[in-house]
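Examining the three-dimensional arrangement
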Amino acid sequence: MPLLAVQDLSISFGGLAALAGVSFDVEAGEVAALIGPNGAGKTTVFNLLTGLYRPTRGRAMLDGEDLLGLVPHEIARRGVARTFQNTEVFRRLSVLDNVLVGQHTRLSGGLLGGLLGSPRVRREEAEARRRAETLLARVGLGDVADVDAASLPLGRQKRLEIARALALGPRLLLLDEPAGGLNPTETRELMRLIRGLRDEDGLAILVVEHNMELVMGISERVVVLHYGKRLAEGKPHEVARNPAVIEAYLGSGSGDADA
Amino acid sequence: MTRARLAGAVAAAAILLAWPLVVPGYFVFLATLVLVNGIVALGLNLLSGYTNQLSFGHAGFFAIGGYATALLTIHAGALPVPVTLLGAGLATALVGLALGIPCLRLEGLYLAMATLAFGFVVVEAILHLDWLTRGNDGLRVPVARLGPLAFSTEASRYYLVVVVTVLMVAGAVNLVRTRTGRAFLAIRESEVAAQTSGVNVAAFKTAAFVVSAFYTGVAGGLFAFVVGYLSPDAFDVFLSVDFLVMIIVGGLGSVGGSLIGAAIVTVLHDSLAAFQNYRPLIFGGIMVAAMLFMPGGVASTARAWRRR
Ligand SMILES: Nc1ncnc2c1ncn2[C@@H]1O[C@H](COP(=O)(O)OP(=O)(O)OP(=O)(O)O)[C@@H](O)[C@H]1O
Ligand SMILES: [Mg+2]
């Protein structure tokens, strides 16, 4: 059984079908890529998988449980974490606090324990802080733990979002254009990080990305969306040679018309 | 704690404790009011500054805490004052829960209108429940007691307020540094990212209302003892606006800023008492100036200075 099985996923906005009957799987411990021209519906898939949108039809089974009836924080509790295409860091919180918020579901300190500063809460907080520092070091942000997230350049904000998502302790990580706006060196670092998350942590990762070097370099499976439909699915080199895929990318011109 | 901070804390504690011994009675009263307002500002800041839910109705919570305290003291005079205050705080928190849940659907201007209406409703309720509250005639509040102790002097009430303030500040400092406080801030910064990080936004927004109401209710209880007399006209919408001015001038999302803002507004009110008619003008001016020149309030301006 795959870790995530998306079946017949469909959603319309004001009569316009943004996704129509999309199905694909993500296996445990694999990196899968979701690609397609601008406006194809990639981010919409993420918004559905994380409960921000309600589907008109379809299911998304995570380990046998349908995610699509759940609200976002319940989905997070089941181990699905994500980043955002247009970064959503907590701007006026420190980098460290951003990652601490990411650990929200792993901590148990309540309102009263917080007010009273109980020893249990203190211990839990100290541990959380250590974990956050470890994660920041891993994404290369160990030196900026105390600065406001807003003051980081875009590339580092993107890495901060990855650290915050990892802080959840996810089974499935959804990355929405993690290489957008990164320079080639940063992109190579990112690829190394993603491979590490798969190989060392055994994470399943679904990545939306326009950068084909990254897609071809790290994914075992590629799903191509076009106008809300699945156009192709397969190994990276198979998909790259698929005439329909080539046509879709060339046919949509710059691809920016409907972004 | 660094040496400088420790020295600062010791100095602050010394001033707080010695204050009634070195200044005339009126300034003891004024300092007491500063602290009472400081507790309200803390509570309001947890809701508006930390969780981004603007309230124009905190005078309502303040009144509920005050009347609950007065009525408890009148009808159950044997209760020790901590129990009375806790009871008043919890009663107000319950009202906060009842207001917070329907407010979940509201944002921005609509939330401001709903809380504004809440403030009016509380005053109307006090007027109409005159068999309980004596309506416009007002209610005399008996002296607070703790066993054999009676808080009948200005100085004794001051110390009572100091102790409660220290506890409330400690609670707020703890809270904002831990999971709940971070969830509040995360909601303010990005509801979408907070949700997908696992924060139950509705639950924490409601929790912010409850904590905020609790703080304000306890402060209202202290206020009842400090002034010794309650009437509904003391809790009008201008008081709610004053509370907001405190946290805007002091600093949204800052514990220290709440206290500084409360001090500034309370002392200004007092010194402008002779110019009653110009008060809205002067306060409006201060508010606009604060937002223009110190957008983060005194707290963030001070932080910026320290960094230089
Ligand atoms: N909340 C919404 N309301 C209305 N239309 C929406 C909404 N979200 C997405 N859409 C539409 O759904 C379609 C797919 O959008 P989506 O953002 O998923 O594309 P994408 O594949 O992520 O594109 P890009 O590569 O530009 O990020 C677009 O036509 C978009 O306008
Ligand atoms: Mg997108």
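Residues numbered from 1 in each chain as written. Chains lettered and ligands numbered in written order. Predicted model: local features only at pLDDT ≥ 70, side-chain atom pairs only at ≥ 80, totals over all residues. Heavy atoms only, no water.

**Observations concerning the overall build of chain A**
The secondary structure content of chain A amounts to ten helices and ten strands. For a compact globule of 259 residues, the expected C-alpha radius of gyration is about 18 Å, and chain A comes in at 19 Å, within 12% of that figure. Counting only C-alpha atoms, chain A reaches 60 × 40 × 35 Å along its principal axes. Per-residue burial for chain A yields a buried fraction of 54% across its 259 residues. (Helix = DSSP H or I, 4+ residues; strand = E, 2+ residues; numbered from the N terminus. Rg over C-alpha atoms; globule rule 2.2 N^0.38 Å. Buried < 20%, exposed > 50% of the residue type's maximum accessible area, 1.4 Å probe, protein only.)

**Describing the site of ligand 1**
All names here are of chain A. Taken together, 13 residues are adjacent to ligand 1, and Asn38, Lys42, Thr43, Thr44 and Gln85 come closest. In this structure, an oxygen atom belonging to ligand 1 sits 2.8 Å away from a main-chain N or O atom of Gly39. Between His210 and ligand 1, the recorded distance is 2.9 Å, taken from a side-chain N or O atom to an oxygen atom. For ligand 1, whose accessible area on its own is 630 Å², the fraction buried by protein is 67%. With three residues, the single largest contributor to the shell around ligand 1 is helix α1 (residues 42-49). (Near = heavy atom within 4 Å. Polar contact = N/O pair within 3.5 Å; in protein donor to acceptor, adjacent residues only side chain to side chain. Areas by Shrake-Rupley, 256 points an atom, 1.4 Å probe, with all protein chains shown as cover.)

**Considering the coordination of the magnesium ion (ligand 2)**
Ideal values differ by geometry: the angle at a metal is 109.5 degrees with four tetrahedral donors, but 90 or 180 degrees with six octahedral donors. Residue and element names in this part refer to chain A. Within the protein, Thr43 (OG1) and Gln85 (OE1) serve as the donor atoms for the magnesium ion (ligand 2), at 2.0 to 2.1 Å. Of this pair, Thr43 sits in helix α1 while Gln85 sits in the loop between β6 (80-82) and α3 (95-102); the two residues are 42 residues apart in sequence, bridging distant segments of the chain. Thr43 sits in the partly exposed class, given a relative accessible area of 25%. With a relative accessible area of 30%, Gln85 lands in the partly exposed category. (Donors = N, O, S within 2.8 Å, 3.2 Å for Na, K, Ca; no water.)

**Focus on the interface of chain A and chain B**
Taken together, the contacts link 34 residues of chain A with 28 residues of chain B. Regarding the contact of chain A and chain B, the summed buried area is about 2500 Å², with carbon and sulfur atoms giving 62% of it. Applying the counting criterion to the chain A and chain B interface returns two salt bridges. Between Arg92(A) and Glu189(B) there is a salt bridge; the shortest N-O distance is 3.0 Å. When residues of the side of chain A that touches chain B are traced back to their parent elements, those giving at least two are α2 (72-77), β6, α3, α4 (111-116) and α5 (119-138) of chain A. (Contact = heavy atoms within 4.5 Å. Buried area = accessible area lost by both parts, 1.4 Å probe. Salt bridge = Lys/Arg side-chain N within 4 Å of Asp/Glu carboxyl O.)

**Side note on the sheet that holds β6(A)**
Within a beta sheet, neighbouring strands are joined by backbone hydrogen bonds and run either parallel or antiparallel to one another. All names here are of chain A. Pairing in this open sheet of six strands is mixed, and the strands run β6-β7-β8-β3-β9-β10 from one edge to the other. Two strands in the sheet have a free side with no partner beyond their single neighbour: β6 and β10 (229-234). Strand-to-strand, the axes of this sheet are offset by a mean angle of 20°, without reference to chain direction. Across four bridges, the pairing between strand β3 (residues 31-35) and strand β8 (residues 204-208) is parallel. Each residue of the ladder has a partner; that of Val31, found in β8, is Ile205. Its contacts with the sheet put helix α6 (residues 154-167) on β6 and β7 (172-176), and the angle it makes with β7 is roughly 160°. Relative to the sheet, helix α7 (residues 184-199) contacts β3, β7 and β8, its axis offset from that of β8 by approximately 150°. (Pairing = 2+ DSSP bridges. Axes fitted to C-alpha atoms, helices over the stretch in contact; angles between N-to-C directions.)

**Some thoughts on the packing of helix α3 (residues 58-75) of chain B against helix α5 (residues 108-128) of chain B**
Residue and element names in this part refer to chain B. Between α3 and α5, whose axes approach to 8 Å, the crossing angle comes to 30°. As summarised for this structure, α3 and α5 are arranged roughly parallel, according to the angle between their axes. Every residue of α5 that contacts α3 at Gly60, Phe61, Ala63, Ile64 and Tyr67 is listed here: Phe118, Gly119, Val122 and Ile126. (Parallel < 35°, antiparallel > 145°, perpendicular 65-115°, else oblique.)

**Notes on the pattern of salt bridges**
Two side chains carrying opposite charge are able to pair once their charged atoms lie near each other. All names here are of chain A. The full count for this structure, using the stated rule, is 20 salt bridges over all chains. Glu27 is the partner of Arg221 in a salt bridge, and the nearest nitrogen-oxygen pair spans 3.7 Å. Within this pair, whereas Arg221 is found in strand β9 (residues 221-226), its partner Glu27 is found in the loop between β2 (16-26) and β3, the two being separated by 194 residues in sequence. Arg221 sits in the buried class, given a relative accessible area of 17%.

**Quick notes on the sheet that holds strand β1 (residues 4-13) of chain A**
All names here are of chain A. One open sheet holds the four strands; their spatial order is β2-β1-β4-β5, and the pairing between them is antiparallel. The open sheet has two free edges, formed respectively by β2 and β5 (65-66), since each of these has just one partner strand. Set on the sheet, α1 makes contact with β1, β2 and β4 (57-62); between it and β1 the angle comes to about 110°.

**Things to note about unusual backbone geometry**
For Tyr227(A), which is not a glycine, the phi torsion comes out positive at approximately 45°. Here Tyr227(A) falls in the exposed class, since its relative accessible area comes to 56%.

**Observations regarding the packing of aromatic side chains**
This model, assessed by the stated rule, comprises twelve aromatic pairs over all chains. Each ring, one from Tyr158(B) and one from Tyr159(B), has its centre 5.4 Å from the other, and the planes form 70°; the classification is edge-to-face. For Tyr159(B), a relative accessible area of 29% puts it in the partly exposed group. Measuring from centroid to centroid gives 6.1 Å for Phe223(B) and Phe235(B), while their planes differ by 75°, and the two rings are edge-to-face. Here the residue Phe223(B) occupies a position in helix α10 (residues 201-227), and Phe235(B) occupies one in the loop between β4 (229-230) and α11 (237-250), the gap between them amounting to twelve residues. Classification of Phe235(B) as buried rests on a relative accessible area of 2%. Members of the aromatic cluster, each reached through a chain of ring pairs, are Phe62(B), Tyr67(B), Phe223(B), Phe235(B) and Phe243(B). The cationic tip of Arg164(A) hangs over the ring face of Phe90(A); the distance from NZ or CZ to the ring centre is 4.6 Å. (Phe/Tyr/Trp six-rings, centres within 6.5 Å; stacked < 30°, edge-to-face > 60°. Lys NZ or Arg CZ within 6 Å of the ring centre and 35° of its normal.)

**Overview of the nonpolar core**
The biggest cluster of nonpolar side chains holds 91 residues, and the ones touching the most others in it are Phe62(B), Val164(B), Tyr215(B), Leu222(B), Leu230(B) and Phe235(B). A total of 16 residues in this core trace back to one element, the largest contributor, which is α10(B). Aside from chain neighbours lying at most four places away, what touches Tyr215(B) is Leu115(A), Ile39(B), Leu42(B), Gly43(B), Leu46(B), Met168(B), Gly171(B) and Ala172(B). Core analysis: the second largest hydrophobic core is formed by 48 residues, Ala81(A), Leu168(A), Val207(A) and Val215(A) among them. (Core = buried A, V, L, I, M, F, W, Y, C linked by side-chain atoms within 4.5 Å.)

**What about the environment of Val34(B)?**
Note that Val34(B) resides in helix α2 (residues 25-50). Note: C-alpha distance between Val34(B) and Ile264(B) (230 residues apart in sequence) is 8.5 Å.

**What about the pairing of β3(A)?**
Residue and element names in this part refer to chain A. β3 sits mainly inside the fold: five of its five residues count as buried. Across the two faces of β3 the burial is the same, with Val31, Ala33 and Ile35 and Ala32 and Leu34 all buried. As paired strands, β3 and β9 are joined by four bridges and run parallel to one another. By the bridge assignment for β9, Ile35 is matched with Val224.

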